[in-house]
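Chain and residue survey
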Amino acid sequence: MSRQAVTAVRTYMNQQVLGQPELVDGLLTALLADGHILVEGPPGLAKTRAIKMLSNCIEGKFHRVQFTPDLLPADLTGTDIYRPQDGTFVFQPGPLFHHILLADEINRAPAKVQSALLEAMAEQQITIGRKSYQLPDLFLVMATQNPLEQEGTYPLPEAQLDRFMLHLQLTYPDAMTELAILRLTHNESSNKVEIEAPKMTQDELFAARQEVLQVKLATAVENYIVTLIMATRRPVAYDAELARWLAYGASPRATMALARCSRVRAWLQGRDFVTPDDVQACAYPILRHRLILSMEAEADGIDTNQAINRLLQKVVVG
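A brief structural summary. Everything quoted here is computed from the prediction, not taken from an experiment.

Cut-offs applied
Residues numbered from 1 in each chain as written. Predicted model: local features only at pLDDT ≥ 70, side-chain atom pairs only at ≥ 80, totals over all residues. Heavy atoms only, no water. Helix = DSSP H or I, 4+ residues; strand = E, 2+ residues; numbered from the N terminus. Rg over C-alpha atoms; globule rule 2.2 N^0.38 Å. Buried < 20%, exposed > 50% of the residue type's maximum accessible area, 1.4 Å probe, protein only. Axes fitted to C-alpha atoms, helices over the stretch in contact; angles between N-to-C directions. Parallel < 35°, antiparallel > 145°, perpendicular 65-115°, else oblique. Left-handed = near helix turned anticlockwise from the far one by under 90°. Contact = heavy atoms within 4.5 Å. Nonpolar A, V, L, I, M, F, W, Y, C, P; charged D, E, K, R; others polar. Pairing = 2+ DSSP bridges. Phe/Tyr/Trp six-rings, centres within 6.5 Å; stacked < 30°, edge-to-face > 60°. Core = buried A, V, L, I, M, F, W, Y, C linked by side-chain atoms within 4.5 Å. Expected span 1.5 Å × (residues − 1). Polar contact = N/O pair within 3.5 Å; in protein donor to acceptor, adjacent residues only side chain to side chain. Salt bridge = Lys/Arg side-chain N within 4 Å of Asp/Glu carboxyl O. Disulfide = S-S within 2.5 Å.

Moving on to the overall build of the protein chain. A count of helical and extended segments in the protein chain gives 14 helices and 11 strands. A compact globule built from 318 residues should have a C-alpha radius of gyration of about 20 Å, and the protein chain, at 21 Å, falls within 12% of that. The principal-axis extents of the C-alpha atoms in the protein chain amount to approximately 70 × 50 × 40 Å. A buried classification covers 48% of the 318 residues belonging to the protein chain.

What follows concerns the packing of helix α2 (residues 21–32) against helix α3 (residues 47–57). The N-to-C vectors of α2 and α3 enclose an angle of 45°; their axes lie 10 Å apart at closest approach. Judged by the angle between their axes, α2 and α3 are oblique. α3 is crossed by α2, and the crossing has right-handed handedness. Each of Leu23, Leu27, Leu28 and Leu31 in α2 lies in contact with α3, whose residues at this interface are Lys47, Ala50, Ile51 and Leu54. Of the residues contributing to the contact of α2 with α3, the split by class is seven nonpolar, no polar and one charged.

Where strand β3 (residues 78–83) and strand β4 (residues 88–93) come together, six bridges link them in antiparallel fashion. Residue pairing across strands places arginine 83 opposite threonine 88, the latter belonging to β4.

Applying the stated criterion across every chain, the model contains three aromatic pairs. Between tyrosine 82 and phenylalanine 89, the aromatic rings sit 5.1 Å apart at their centres with planes inclined by 55°, giving tilted as the arrangement. Residue tyrosine 82 is classed as partly exposed on the basis of its relative accessible area, which comes to 46%. Centroid distance phenylalanine 91 to phenylalanine 97: 5.7 Å. Interplanar angle 65°. Geometry classified as edge-to-face. Pair check on accessibility: phenylalanine 91 and phenylalanine 97 agree, each one buried. Ring-pair connections join several aromatic residues into one group, and the members of that group are Phe91, Phe97 and Tyr133.

Ranked by size, the top nonpolar core spans 73 residues in total, and within it Leu27, Leu32, Leu54, Ile286 and Leu287 carry the most contacts. At nine residues, helix α11 (residues 252–268) tops the list of elements feeding residues into this core. If we ignore the near neighbours within four places in the chain, the residues touching leucine 54 are Val9, Met13, Leu27, Leu28, Leu31 and Leu140. Leu71, Phe97, Val113 and Ile128 belong to the second-largest nonpolar core, a separate cluster that totals 27 residues.

Its 15 residues give helix α7 (residues 175–189) an end-to-end C-alpha distance of 21 Å, which sits within 8% of 21 Å, the value for a rise of 1.5 Å per residue. The N-capping residue of α7, defined by a side-chain oxygen 3.4 Å from the backbone nitrogen of methionine 176, is aspartate 174. Residue asparagine 191 follows α7 closely and has a positive phi angle near 60°.

Glancing now at the pattern of salt bridges. In this structure the tally under the stated criterion is 14 salt bridges. Residues arginine 209 and aspartate 34 are paired through a salt bridge, measuring 3.6 Å at the closest nitrogen-oxygen approach. Here arginine 209 is found in helix α8 (residues 202–213), whereas its partner aspartate 34 is found in the loop between α2 and β1 (37–40), with 175 residues between them in sequence. For arginine 209, a relative accessible area of 8% corresponds to the buried category. On the accessibility criterion, aspartate 34 (36% relative accessible area) is partly exposed. Measuring nitrogen to oxygen at the nearest pair gives 2.8 Å for the salt bridge that ties aspartate 104 to arginine 64. Here the residue aspartate 104 occupies a position in strand β5 (residues 100–104), and arginine 64 occupies one in strand β2 (residues 62–66), the gap between them amounting to 40 residues. Linked by salt bridges that have partners in common, Asp162, Arg253 and Arg290 make up one network.

Here we come to the side chain of aspartate 162. In this fold, aspartate 162 is placed in the loop between α6 (158–161) and β9 (166–169). A distance of 2.8 Å separates polar atoms of two side chains, one belonging to aspartate 162 and the other to arginine 253. Apart from residues lying up to four places away in sequence, aspartate 162 is in contact with Ser251, Arg253 and Arg290.

A few words now on the state of the cysteines. Summed over the entire model, instances satisfying the criterion amount to zero disulfides. Residue cysteine 261 stays outside any disulfide, its sulfur separated by 5.5 Å from that of cysteine 282, the closest cysteine.

Here serine 251 lies in the loop between β10 (246–248) and α11. Sequence separation of serine 251 and threonine 201 is 50 residues, and the distance between their C-alpha atoms is 34 Å. Apart from residues lying up to four places away in sequence, serine 251 is in contact with Asp162, Ile229 and Arg233. Of note is the side chain of serine 251, whose polar atom sits 2.7 Å from the side chain of aspartate 162.

Here you go:
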């Protein structure tokens, strides 16, 4: 039943979010792998629409926070409110206590606000004063960044980027897809009959997560994952050009994320075992925000996607 529920959600989202299958699968991967996702792309590429459509299908509460330079940590976490009638303080929960949270343009808020969000993502709890509050078991954050405007932004430090399981980069759709988007929005505006969103309970979601954990990861594939990550740290042993490009490699979080997401990809394709193709497909969204390029690579116009591509070429399976 859990697989059928996830398949129904995936089909619905692909019908409602046109031309962004990577975003749809990325959201479902983060949901099933119990991680968080950073999405980067120009405005108007259905980032907000995608997370709202997902929230329509999942049992839980959704909230969107627009990050701005004047945002305070308490605007996310909540705060203690004084009650003069009895002289006590009562905690008023903030947006972080929702099940699905959209952190829109996360790089527009100062570091202390980003830290409050990332601490909640890592610890799944927040602390106000001397008391800690547990966040829901289902807690998914999708943060967005606009790559076109960097003025007045606060870029996330590399150590904080590592808290995100996946980093997706979106591009504009082709002409045929854009025409389909135009017709879809026209039909919605004309109040025509909409496709009913499938409903997945939290119990079905947690059951799906357990099924994902049962997907087999052979020793050879495990070794391949570890070898890939180790090659980002000591690239000179594999390729001189890669060594010239990479200044710092990926952390152990990348190893765990690569294994978890590879299991999700195999499960979504109806398999109970992981293949090297799953690992290679997941390598890009997992590594692109964790690798730090050297000055030589930046001078040559090399980006992290090109570095990952060369990494996958130079590290052989088995």
